[in-house]
Amino acid sequence: MKKILITGATSGIGRGLAEYYALNDEVFACGRNKDALLELKRLPKVTTLQFDVTDLSSIQDATGNLPALDILILNAGNCEYIDDAKAFDSALFARIIQVNLVSIGYCLEQLLPKVKSGGQLVIVSSSAAFLALPRAQAYGTSKAAVSYLAQSLSIDLTDIDVTLVHPGFVKTPLTDKNDFPMPMAVTVDKAVACITAGIIKRRKDIHFPKRLTIIMKLLQMLPFGLWRPIAKGISR
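Computed from a predicted model, the values in this text were never measured in an experiment.

Re the pattern of salt bridges
Applying the stated rule across the entire model yields nine salt bridges. Note that R15 and E19 form a salt bridge whose closest N and O atoms lie 3.1 Å from each other. Taken together, the residues span about one helical turn, with R15 and E19 both in helix 1 (residues 12–21) at a distance of four residues. Via salt bridges that share partners, R15, E19 and E39 belong to a single interconnected network.

Structure below.
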């Protein structure tokens, strides 16, 4: 039985992962939503930890007595878009950078030392990290930085395997707020299946659905001068 900690476990992909792993492993499900944590607590083998990932002292207080971990999954995040780039919303930008990027640094400081030698660190980024996209000045920037961070950690961590996850669109309460088409969107169950299969194989990069992410990876190789008009067309 492995010991697995998951941040952002109260909704979407994080909740799906918590429910999946709780079938066979010991899960530490982390989040802010007290009611959602109470629901997860009813599952066998689940211990809930309530804290805000943007508050280092909150993380320290909640996780100080954790046992050694086999898998640490840093999944918590949020998404907001900048609707008018000229009237740049610095508060929104800072908020997303704090939740999606700085919080990972807080979690790494407190939780990475608890991962066993031979264990795994899993960081959930986004396929938005592959390409500059309209309205994504905050979200895309945060996820591109998260991907760089995970890849850099993969170089320096010699006794822990690092897996970076690049999901496409996943049907969750967070993406339900999107006001634009989400091509090739997958269910949470499909996302969980892709992620857990990659974790078992200790893959360095998990990306899905491949019919979308492979296209994005190919477009990533275009000179920006060619990609820019395509991206501008998407925004119309």
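Picking up where we left off.
As for the packing of helix 4 (residues 90–111) against helix 5 (residues 139–156)
Put simply, helix 4 and helix 5 touch, their axes get as near as 8 Å, and they point 15° apart. Compared by their axis directions, helix 4 and helix 5 come out roughly parallel. The chirality of how helix 4 crosses helix 5 is right-handed. Touching F93, I96, I97, N100, L101, I104 and L108 of helix 4 are Y139, T141, S142, K143, A145, V146, L149 and L153, all from helix 5.

Focus: a nonpolar patch on the surface
A cluster of nonpolar side chains, contributed by L222, L226, I230 and I234, occupies part of the molecular surface with about 340 Å² of accessible area. Topologically, L226 is positioned in helix 8 (residues 224–234). Relative accessible area serves as the criterion here: at 49%, L226 is assigned to the partly exposed category.

Thoughts on the pairing of strand 1 (residues 3–6)
Pairing geometry for strand 1 and strand 2 (residues 26–31), over four bridges, is parallel. Bridge pairing in strand 2 places I6 opposite A29. Following the chain from strand 1 across helix 1 to the adjacent parallel strand 2, one finds a crossover that is right-handed. Pairing of strand 1 with strand 4 (residues 69–74) involves three bridges; the strand directions are parallel.

Let's talk about the sheet that holds strand 4
What the seven strands build is an open sheet, ordered 3-2-1-4-5-6-7; its pairing is parallel. In this open sheet, the two edge strands, each paired with only one partner strand, are strand 3 (46–50) and strand 7 (205–208). Each strand of the sheet is rotated relative to its neighbour by a mean of 15°, with strand direction disregarded. Of the strands in this sheet, strand 2 and strand 3 touch helix 2 (residues 34–41), which is tilted by about 165° from strand 3. Along the sheet, helix 5 makes contact with strand 5 (115–124) and strand 6 (161–167), crossing strand 6 at roughly 160°.

Structural notes on unusual backbone geometry
The step from F208 to P209 runs through a cis peptide bond, and the omega angle for that step is -10°. Its place among the elements puts P209 in the loop between strand 7 and helix 7 (210–220). With a phi close to 70°, R135 is a non-glycine residue in the positive phi region. Along the chain, R135 falls in the loop between strand 5 and helix 5. Take R135: its relative accessible area is 26%, and that puts it in the partly exposed class. With a phi close to 55°, R202 is a non-glycine residue in the positive phi region. Structurally, R202 is set in the loop between helix 6 (188–200) and strand 7. When its relative accessible area of 32% is taken as the criterion, R202 is described as partly exposed.

Let's talk about the pairing of strand 4
Counting buried positions along strand 4 gives six out of six residues, so the element sits mostly inside the fold. Bridge analysis of strand 4 against strand 5 gives five bridges, and the strand direction is parallel. Residue pairing in the sheet places L74 in a bridge with I123 of strand 5.

So, how was this worked out
- In every chain, residue numbers begin from 1 and rise along the written sequence.
- Only residues with pLDDT of at least 70 get local features here, since the model is predicted, and only at 80 or more are side-chain atom pairs given and counted; chain-wide, interface and lining totals rely on the full set of residues.
- Only hydrogens and water are set aside when side-chain values are computed; all heavy atoms of the structure are taken into account.
- The working definition used for a salt bridge is a side-chain nitrogen of Lys or Arg within 4 Å of a carboxyl oxygen of Asp or Glu.
- Strands here mean DSSP runs of E at least two residues long; helices mean DSSP runs of H or I at least four residues long; both are numbered from the N terminus.
- Axes here mean lines fitted to C-alpha atoms, for a helix over just the part in contact, with angles spanning 0 to 180 degrees between N-to-C directions.
- We call two directions roughly parallel when the angle between them is under 35 degrees, roughly antiparallel when it is over 145, roughly perpendicular when it lies between 65 and 115, and oblique otherwise.
- Here a crossing is called left-handed whenever its near helix is offset anticlockwise from the far helix by less than a right angle, and right-handed whenever the offset is clockwise.
- Whether two residues are in contact is decided by their heavy atoms: any pair within 4.5 Å suffices.
- A patch consists of residues whose relative accessible area exceeds 30% and which take part in no salt bridge; residues with like charges are grouped when within 9 Å of each other, and nonpolar side chains (Val, Leu, Ile, Met, Phe, Trp, Tyr) when within 5 Å.
- Accessible surface is estimated by sampling points in the Shrake-Rupley manner with a 1.4 Å probe; for residues, cover comes only from the protein chains shown.
- Each residue gets one of three labels from its accessible area relative to the maximum for its type: buried under 20%, exposed over 50%, partly exposed in between, using a 1.4 Å probe on protein chains only.
- Pairs of strands are assigned from DSSP output, requiring at least two bridges between the strands.
- Handedness of a crossover: with both strands directed away from the viewer, a clockwise path from the first strand across the helix to the second marks it as right-handed.

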